[in-house]
Amino acid sequence: MDKVKAKKHLGQHFLKDESIAKDIADTLTGNGYSKVLEIGPGMGVLTKYLLEKDIETWVIEIDTESVEYLNAHYPKLHGKILSEDFLKYNISNSFGNEPFAIIGNFPYNISTQIVFRALELRDRIPEFSGMFQKEVAERICEKKGSKAYGILSVLVQAFYDAEYLFTVPEHVFNPPPKVKSGVLRLIRKENFHLSVDEKLFFNVVKTAFNQRRKTLRNSLKTYNLSDNLKEDSIFDLRPEQLSVEQFIELTQKIAANGI
């Protein structure tokens, strides 16, 4: 098999620039893990540079044609190619309880779902790097006060330090996407366990941003806030005005209100 044809329904855009592939591989620090899982390797342009590193490289690929290509061209991956859907696969089947990093040129149509899945596995993932649609990468790394700051920004930054690294132009892909891409790196915080009920925290953040134009007093009505609590000045704010720390504080106040 010479090449894999990019499939639109899988959101495939194959990176063809070797230097960018190497730069993405080099975003890994190797701190706190000895294994890396690449999501959606395609024809292995990034995989090739991961295999040069002193890290055990695994790949997970839903496209059977790509799996066939990787098996034929990367003998070092023998036994480490998972022909699975990352969003549904039980990663413990391959990694047990070991920590691992995630990397990839992520399919843009499921990239945010990949981030949410990684957040579910945050106990196991000390580092996460890769390429997204530029505006999604920027949103993940955004700070409070902007329109781009939202659910993804707060939930990711509650557990990880997020850094936008560099922008990638459209023409280095086959086929070229209609948008620019951005590479980011997430490094898990030393203390990544919140001082609140984490499930409640997720719910508060999502509920607040689902009506982002309203003040928190209005968007969080479903929590049956006491009159005393509603007088707290934090409820005069809109969600994009709150930092991650303030969302944690807000969740503490709601929990103390008896939710």
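I will try to describe carefully the structure that is included in this document. What you are looking at is a predicted structure, and each value in this text was computed from that prediction instead of being measured.

### Quick word on unusual backbone geometry
One non-glycine residue with positive phi stands out, namely Asn-224, at about 50°. Counting through the fold element by element, Asn-224 comes out in the loop between helix H9 (216-219) and helix H10 (227-230). The exposure class of Asn-224 is exposed, given its relative accessible area of 63%.

### Considering the packing of helix H6 (residues 134-141) against helix H7 (residues 151-159)
Packed helix pairs are characterised by how far apart their axes lie and by the angle those axes make with each other. The N-to-C vectors of H6 and H7 enclose an angle of 55°; their axes lie 7 Å apart at closest approach. Considering the angle they form, H6 stands oblique to H7. Seen from H6, the contacting residues are Val-136, Arg-139, Ile-140 and Cys-141; seen from H7, they are Leu-152, Ser-153, Val-156 and Gln-157. Class assignment of the residues belonging to the contact of H6 with H7 gives a composition of five nonpolar, two polar and one charged.

### Comments concerning the nonpolar core
Of all hydrophobic cores here, the largest spans 58 residues; its most connected members are Phe-128, Phe-201, Leu-220, Phe-247 and Leu-250. Ranked by residues supplied to this core, first place goes to helix H8 (residues 198-210) with seven residues. Dropping the residues within four chain positions of it, Phe-128 is found in contact with Ile-102, Phe-106, Ile-114, Val-115, Ala-118, Leu-184, Arg-185 and Leu-186. Counting 21 residues, the second largest nonpolar core, distinct from the first, contains Tyr-33, Tyr-49, Tyr-108 and Met-131.

### Quick notes on the sheet that holds strand S6 (residues 127-133)
Two strands in a sheet stick together by hydrogen bonds in their backbones, pointing the same way (parallel) or opposite ways (antiparallel). Ordered by their spatial adjacency, seven strands build an open sheet running S4-S3-S2-S5-S6-S9-S7, and the pairing between neighbours is mixed. Bordering the open sheet on either side are strand S4 (81-82) and strand S7 (160-168), each of which pairs with just one other strand.

### Considerations on the pairing of S6
The buried fraction of S6 is high, at seven of seven residues. Where strand S5 (residues 101-105) lies against S6, four bridges are found, and the strand directions are parallel. Directly across from Asn-105, in S6, lies its bridge partner Met-131. Between the parallel pair S5 and S6, the chain is carried across by helix H5 (residues 111-120), and the sense of this crossover is right-handed. Pairing geometry for S6 and strand S9 (residues 181-188), over seven bridges, is antiparallel.

### Points about the environment of His-193
The topology assignment puts His-193 in the loop between S9 and H8. By relative accessible area, which is 46% here, His-193 ends up partly exposed. For the pair His-193 and Val-172, spaced 21 residues apart in sequence, the C-alpha separation works out to 39 Å. Those residues in contact with His-193 that sit more than four places away from it in its chain are Asp-123 and Glu-198.

### Some thoughts on helix H11 (residues 244-256)
Given 3.6 residues per turn, any residue in an α-helix points the same way as the ones three and four places further on. Compared with an ideal rise of 1.5 Å per residue, which puts 13 residues at 18 Å, H11 spans 19 Å between its outermost C-alpha atoms and is within 8% of the ideal. Those residues of H11 that fall on the buried side of the exposure criterion are Val-244, Phe-247, Ile-248, Leu-250, Thr-251 and Ile-254. The buried residues of H11 occupy one face: seen down the axis, they fall within an arc of 160°. Of the exposed residues in H11, those oriented more than 90 degrees away from the buried face are Glu-245 and Ala-256.

### Description of H5
Along H5, the residues classified as buried are Ser-111, Ile-114, Val-115, Arg-117, Ala-118 and Leu-119. Where the residues of H5 are buried, they touch strand S2 (35-39), S5, S6, H6, H7 and S7.

### Considering the environment of Arg-139
As for its position among the elements, Arg-139 is in helix H6. Look at Arg-139 and you get partly exposed, because its relative accessible area is 28%. C-alpha separation for the pair Arg-139 and Val-156, spaced 17 residues apart in sequence, amounts to 10 Å. What Arg-139 contacts, discounting residues up to four positions off in sequence, is Ala-148 and Ser-153.

### Let's talk about the packing of aromatic side chains
Scanning the model with the defined rule gives nine aromatic pairs in all. A centroid spacing of 6.3 Å and a plane angle of 80° characterise the contact between Phe-201 and Phe-202, whose relative ring orientation is edge-to-face. In this structure, Phe-201 and Phe-202 share a single accessibility class: buried. One aromatic cluster in this structure is built from Trp-58, Phe-95 and Phe-100. If you follow Arg-122 out to its NZ or CZ, it ends over the ring of Phe-159, 4.2 Å from the centre. Over the aromatic face of Phe-192 sits the side chain of Arg-188, whose NZ or CZ is 4.1 Å from the ring centroid.

About the cut-offs
- Residues numbered from 1 in each chain as written.
- Predicted model: local features only at pLDDT ≥ 70, side-chain atom pairs only at ≥ 80, totals over all residues.
- Heavy atoms only, no water.
- Helix = DSSP H or I, 4+ residues; strand = E, 2+ residues; numbered from the N terminus.
- Buried < 20%, exposed > 50% of the residue type's maximum accessible area, 1.4 Å probe, protein only.
- Axes fitted to C-alpha atoms, helices over the stretch in contact; angles between N-to-C directions.
- Parallel < 35°, antiparallel > 145°, perpendicular 65-115°, else oblique.
- Contact = heavy atoms within 4.5 Å.
- Nonpolar A, V, L, I, M, F, W, Y, C, P; charged D, E, K, R; others polar.
- Core = buried A, V, L, I, M, F, W, Y, C linked by side-chain atoms within 4.5 Å.
- Pairing = 2+ DSSP bridges.
- Right-handed = clockwise from strand over helix to strand, strands pointing away.
- Expected span 1.5 Å × (residues − 1).
- Arc of directions from axis to C-beta.
- Phe/Tyr/Trp six-rings, centres within 6.5 Å; stacked < 30°, edge-to-face > 60°.
- Lys NZ or Arg CZ within 6 Å of the ring centre and 35° of its normal.

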